[in-house]
Amino acid sequence: MTLIKSISGIRGTIGGKPGEGLSPLDVVKFTASYATWAKEKSGKAAITVVVGRDARISGEMVSSLVVATLSGMGCAVVNIGLATTPTTEIAVTEEKADGGIILTASHNPKQWNALKLLNASGEFLNAEEGARILEIAEAEDFSFAEVDDLGAITEKDYTDFHVQHVLNLDLVDVEAIKKANFSVAVDAVNSVGGIAMPALFKALDIKKVVEINCEATGHFAHTPEPIPENLVETAEIIKNSGVDVGFVVDPDVDRLVIINEDGSMFNEEYTLVAVADYILSQTPGNTVSNLSSSRALRDVTEKHGYTYSAAAVGEVNVVAKIRETDAIIGGEGNGGIIYPTSHSGRDALVGAALFLTHLAKSGLKCSELRKTYPDYFISKNKIELTPDIDVDGILVRIKELYSNEQVTDIDGVKIDFADSWVHLRKSNTEPIIRIYAEAKTMEAAAQLATSIIDKIKSII
């Protein structure tokens, strides 16, 4: 069994002894700690918390525990049930709540679940806030409400609200999408995307929607992370269904992957690139992605005459950099679109609507649109570590070896070369160093990664 307590929340495999897996006792303790922090933060004795969940098998059980614990802490609860992560984020601000808890292990397999924690702005907590919750949990420094002060529980559905919110965005051109007469396919891996994505396409008046794995059962039809090796069957279905574009989302619908009409991959790194290209063609402004995302976003941003900035890996870091640089679009290369005009969280519904608008206005086939962007290829590698290895020392040595190149050290070490880059960072959850390299060909990217790996081994 696995239980991981971090500043971003608590996640683990369902079952096992308390403290070893994500047991009911761990869920209650962490929820009570979060409620205590949220009261501290708000300065109020009575607060409101929104709770939403993806469709994984353990979701109903974990949700019952979370909702009851919040009520037991004297919190009013708005339970929105089956909902995407961005839907829950939007619901927090719409309800003027003091925070939110999303029950999802994102792209992890079905045995996992997690409590992801939001502040009153519907955004993930920063490191200091997360550390405070861990401190409260460790000390079990929380106190439950007396009987007359138990929190009321209200049940609402926010999917339709979220869909309408997307349609109301100025740069989502509903008429252009209707006029294009698109047919689309969507693979929702048997989670809440199977509810939200077809609802969006219906609202956009798309007449033909091929639904793949859209029953929200939590029994994932394939490995849920939306990367090419997990989407071979999906791509074949899309190729044979005669649609204009295929979309794939992860279980909590904050990542959007596009598949071309011919079954080829648009590439998850290029979801953000394409959406940013459209946004920048309509609105002046800067862009942001994390250090491990494709250089193609920088190229497209500079083509429009604006500035690209890189953030440390992690959604909260990307959002902070978006604010710092006054960026109008940002995200991550895993298919995560953050459009601040909508809200400051990754949102596959927003991404799909903006992409369909872009595709409609381009007049191109999906595969043709992809060819308008510069080609880069990323090689993703890792080195297993033993406890005696000084990871920080290795990163310092690599930085020294490449001091003549452009080096960024806000999150591990990233070295930018003329037409390629390599990013080394230690994992927060595994004893490994991740090594991502990008170049104009996959062979060049793999060679760059191998050369760095060889240097690390020589240092060790």
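Residues numbered from 1 in each chain as written. Predicted model: local features only at pLDDT ≥ 70, side-chain atom pairs only at ≥ 80, totals over all residues. Heavy atoms only, no water.

Chemist: Would you take a moment to explain the overall build of the protein chain for this structure?
Modeler: A tally of helices and strands in the protein chain yields 15 helices and 20 strands. C-alpha atoms of the protein chain, sized along the principal axes, occupy 65 × 60 × 40 Å. A buried classification covers 58% of the 460 residues belonging to the protein chain. Excluding contacts between residues fewer than 6 apart, the proportion of contacts in the protein chain whose partners are at least 24 apart in sequence is 67%. Total accessible area on the protein chain is roughly 18700 Å²; 49% of this is exposed by carbon and sulfur atoms. Positive and negative side-chain charges of the protein chain, numbering 42 and 65 respectively, have mean locations separated by a distance of 3 Å. (Helix = DSSP H or I, 4+ residues; strand = E, 2+ residues; numbered from the N terminus. Buried < 20%, exposed > 50% of the residue type's maximum accessible area, 1.4 Å probe, protein only. Contact = heavy atoms within 4.5 Å. Areas by Shrake-Rupley, 256 points an atom, 1.4 Å probe, with all protein chains shown as cover. Lys, Arg positive; Asp, Glu negative; His and termini not counted. Charge placed at Lys NZ, Arg CZ, Asp CG, Glu CD.)

Chemist: How should the nonpolar core be read in this particular structure?
Modeler: In summary, soluble globular proteins display a tendency toward joint burial of nonpolar side chains. Phe201, Leu204, Phe247, Phe355 and Leu356 are the most contacted members of the largest nonpolar core, which has 60 residues in total. At 10 residues, helix α12 (residues 348-362) tops the list of elements feeding residues into this core. Beyond its immediate stretch of four places on either side in the chain, Leu356 contacts Ile177, Phe182, Val184, Phe201, Leu204, Ile206, Val245 and Phe247. One finds Leu22, Leu103, Leu115 and Leu125 within the second-largest nonpolar core, a separate group that totals 28 residues. (Core = buried A, V, L, I, M, F, W, Y, C linked by side-chain atoms within 4.5 Å.)

Chemist: Just to check I follow, could you spell out the side chain of Thr87 for this structure?
Modeler: Relative to the helices and strands, Thr87 is located in helix α3 (residues 85-94). On the basis of relative accessible area, Thr87 is assigned to the buried category, the value being 1%. A distance of 2.5 Å separates the side chain of Thr87 from the side chain of Thr84, its partner in a polar contact. In this view, Thr87 contacts Ile80, Tyr158, Thr159 and His162; residues no more than four positions away in its chain are not counted. (Polar contact = N/O pair within 3.5 Å; in protein donor to acceptor, adjacent residues only side chain to side chain.)

Chemist: Looking at this structure, I do not really get the sheet that holds strand β18 (residues 413-416). What am I missing?
Modeler: With antiparallel pairing, the five strands of this open sheet are ordered in space as β16-β20-β19-β18-β17. Every interior strand has two partners, whereas the edge strands, β16 (377-384) and β17 (406-408), have only one. Averaged over all adjacent pairs, the angle separating strand axes in this sheet is 15 degrees, with direction ignored. When β18 meets strand β19 (residues 421-426), the two strands line up antiparallel, connected through four bridges. By the bridge assignment for β19, Ile415 is matched with Val422. Where helix α14 (residues 391-401) meets the sheet, it contacts β17, β18, β19 and β20 (432-439), and its direction lies at approximately 160 degrees from that of β19. (Pairing = 2+ DSSP bridges. Axes fitted to C-alpha atoms, helices over the stretch in contact; angles between N-to-C directions.)

Chemist: Please clarify how unusual backbone geometry should be interpreted in this entry.
Modeler: Note: most residues except glycine have negative phi, and most peptide bonds are trans. Although it is not a glycine, Glu140 sits at a positive phi angle of roughly 50 degrees. One can find Glu140 in the loop between α4 (127-139) and β7 (153-155). Its identity is not glycine, yet Val253 carries a phi of approximately 65 degrees, on the positive side. Within the secondary structure layout, Val253 lies in the loop between β10 (245-249) and β11 (256-260).

Chemist: Would you explain the pairing of β19 in this entry?
Modeler: Along any regular strand the residues' side chains alternate between the sheet's two faces. Along β19, five of the six residues are buried, which leaves the element largely enclosed by surrounding structure. Hairpin connection between β18 and β19: a loop of four residues separates the two successive antiparallel strands. Where β19 meets β20, six bridges bridge the pair, whose relative direction is antiparallel. Paired with Leu424 across the bridge in β20 is Ile435.

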